[in-house]
Amino acid sequence: MAIKARVLAAVTRLVAMLLAPIAFCRASGRARFLACQWASGLRFPAEDLRGLAPETLTAFTHARAETFWCGGQLIGLTSGYRDAAEQHRIFTEEVRRTGSVSVARRRVLPADAVDDGRPPMNADPTEEPGRQP
């Protein structure tokens, strides 16, 4: 992780910890959740979650809070769209970074990946990883 990203992550965690007492006053049972959402909003100002379905929004914000407090990871959602050239560039960078196409595909799909309307191979955690429905 680049130094800038590490610094931003540390600052975001610090801000969340500082906001937790204020969040506790607002909603004592959801203080950590609110503090995470507020800090993440400051860290990812371009994030716009208004277009998500209500159940998707709930799942995303709860997953973000869980990974933030339990795993120390920041999750931001800024855009779900990339043109094919940008997706190819990201995939190529991941192949270069990992040294393997198969390893890179675990994190980034190539631009020519077919969207057949089915979920990704590991979308259901109850299923065996890598098993296609």
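About the thresholds
Residues numbered from 1 in each chain as written. Predicted model: local features only at pLDDT ≥ 70, side-chain atom pairs only at ≥ 80, totals over all residues. Heavy atoms only, no water. Phe/Tyr/Trp six-rings, centres within 6.5 Å; stacked < 30°, edge-to-face > 60°. Buried < 20%, exposed > 50% of the residue type's maximum accessible area, 1.4 Å probe, protein only. Core = buried A, V, L, I, M, F, W, Y, C linked by side-chain atoms within 4.5 Å. Helix = DSSP H or I, 4+ residues; strand = E, 2+ residues; numbered from the N terminus. Contact = heavy atoms within 4.5 Å. Expected span 1.5 Å × (residues − 1). Arc of directions from axis to C-beta. Polar contact = N/O pair within 3.5 Å; in protein donor to acceptor, adjacent residues only side chain to side chain.

Student: Please clarify how the packing of aromatic side chains should be interpreted in this entry.
Tutor: Each aromatic ring pair is summarised here by two numbers: the centre-to-centre distance and the angle between the ring planes. Scanning the entire structure with this criterion turns up one aromatic pair. Taking the centre distance of 4.9 Å and the plane angle of 85° together, the rings of Phe 68 and Trp 69 count as edge-to-face. Judged by relative accessible area, which is 3%, Phe 68 ranks as buried. By relative accessible area, Trp 69 is classed as partly exposed at 23%.

Student: I keep staring at the nonpolar core and nothing clicks. Help me out?
Tutor: Taken as a class, soluble globular proteins show a tendency for nonpolar side chains to be buried jointly. Ranked by size, the top nonpolar core spans twelve residues in total: Ala 16, Leu 19, Ala 20, Ala 23, Ala 31, Phe 33, Leu 34, Ala 35, Cys 36, Ala 39, Ala 65 and Phe 68. Contributing elements (two or more residues each) for this core: α1 (3-26), α2 (31-43) and α3 (54-71). Residue contacts for Ala 16: discarding those within four places in its chain leaves Ala 35, Ala 39, Phe 68 and Trp 69.

Student: Looking at this structure, how should I read helix α4 (residues 84-98)?
Tutor: Helical geometry note: an α-helix holds 3.6 residues per turn, so side chains three or four residues apart project in the same direction. Here α4 contains 15 residues, and its C-alpha end-to-end distance of 21 Å stays within 8% of the 21 Å for a straight helix at 1.5 Å per residue. For α4, the set of buried residues is Gln 87, Ile 90, Phe 91 and Glu 94. The arc that holds the buried residues of α4, viewed along the axis, is 95°, so those residues lie on one side. Projecting away from the buried face of α4 at angles above 90 degrees are the exposed residues Ala 85 and Arg 96. Buried residues in α4 make contact with α5 (101-104).

Student: Is there a simple way to think about the side chain of Thr 12 in this case?
Tutor: Assignment of secondary structure puts Thr 12 in helix α1. Take Thr 12: its relative accessible area is 5%, and that puts it in the buried class. A distance of 2.7 Å separates a polar atom in the side chain of Thr 12 from the backbone oxygen of Leu 8.

All quantities given are derived from atomic positions and should not be read as evidence of function.
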